[in-house]
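# Coordinates in review
Next come the chains, spelled out residue by residue.
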Amino acid sequence: MPVKVWDPFVRLFHWGLAVSFAIAWITADEWDSLHHWAGYAAAALIALRLVWGLIGTRYARFTQFIKRPSETKQYLGDILQGRERRYVGHNPAGAAMIVALLLAMSGCALTGWMYTTDAFWGADWVEETHEFLANGLLALVLLHIAGVILASLRHHENLIRAMITGRKRRPTLDDIA
């Protein structure tokens, strides 16, 4: 019998942020108003997720899944050797990706907003930073998707479905709950 892992807020946040990024990416040079609103939506979602990361359900809390850099490095080494353990919640690599995505998306939203203000309108460094972060986000998103596919195959678990249903298979003795 499956176990509840991802609460409705985490799932709505995840897919909402994915849609916001996709809309912002697609409309970058075409529809300024929609592009701006997608960025504002992403910023609002991130702000809510930061709060939920402090007070939310067990697997939503940052204290549950963010690991020390040494643990993350060890986990990445285990992946390369094909011996990484299954985590019921986020694994250390996934946690590092969450941090990277949140930081990059926050920076992208901030620089996008800055570019709409009188103080920074036309500032090349703001526009260049925004574009750099947007391109970096695309690379991170692709890496995230690759990691989800790899973990799904290695652990025989459909992580995309888990982010839709909120449920994963029960932990075994070798898994980290």
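Each remark here, short or long, concerns the structure printed above.
All chains use their own residue numbering, which begins from 1 and follows the written sequence. Since the coordinates come from a predicted model, pLDDT governs what is reported: local features require at least 70, and pairs of side-chain atoms require 80 or more to be given and counted, while whole-chain, interface and lining totals use all residues. Excluded from the side-chain calculation are hydrogens and water; included are all heavy atoms of the structure.

## Some words on the packing of helix α2 (residues 32–55) against helix α5 (residues 92–114)
Simply put, an axis is a line fit to the C-alpha atoms, just over the touching stretch for a helix, and the angle between two N-to-C directions goes from 0 to 180 degrees. Only DSSP runs of H or I reaching four residues or more are called helices, and only runs of E reaching two or more are called strands; each is numbered from the N terminus. Viewed as axis vectors pointing N to C, α2 and α5 meet at an angle of 135 degrees, and their least axial separation amounts to 9 Å. By the criterion of interaxial angle, the relationship of α2 to α5 is oblique. By crossing handedness, the relation of α2 to α5 is classed as left-handed. Between α2 and α5, the residues in contact are Gly 39, Tyr 40, Ala 42, Ala 43 and Ile 46 and Leu 102, Met 105, Ser 106, Ala 109 and Trp 113, respectively. We call Asp, Glu, Lys and Arg charged. Ala, Val, Leu, Ile, Met, Phe, Trp, Tyr, Cys and Pro are nonpolar, and the rest, Gly among them, are polar. Taken together, the residues of the contact of α2 with α5 sort by class into eight nonpolar, two polar and no charged. An angle below 35 degrees is treated as roughly parallel, one above 145 as roughly antiparallel, one from 65 to 115 as roughly perpendicular, and anything else as oblique. Left-handed describes a crossing whose near helix is turned anticlockwise from the far helix by less than a right angle; the clockwise case is right-handed. Pairs of residues are marked as contacts when any of their non-hydrogen atoms sit within 4.5 Å.

## A few points about the pattern of salt bridges
Every case where a carboxyl oxygen of Asp or Glu lies within 4 Å of a side-chain nitrogen of Lys or Arg is listed as a salt bridge. Applying the stated criterion across every chain, the model contains six salt bridges. One salt bridge in this structure joins Arg 68 and Glu 71, with 3.4 Å as the shortest N-O distance. A simple rule labels every residue: compare its accessible area, found with a 1.4 Å probe on the protein chains alone, to the largest value its type can have, and call it buried under 20%, exposed over 50%, or partly exposed in between. Looking at Glu 71, the relative accessible area reads 32%, which means it is partly exposed. Connected via shared salt-bridge partners are Arg 86, Glu 157, Lys 168 and Asp 175.

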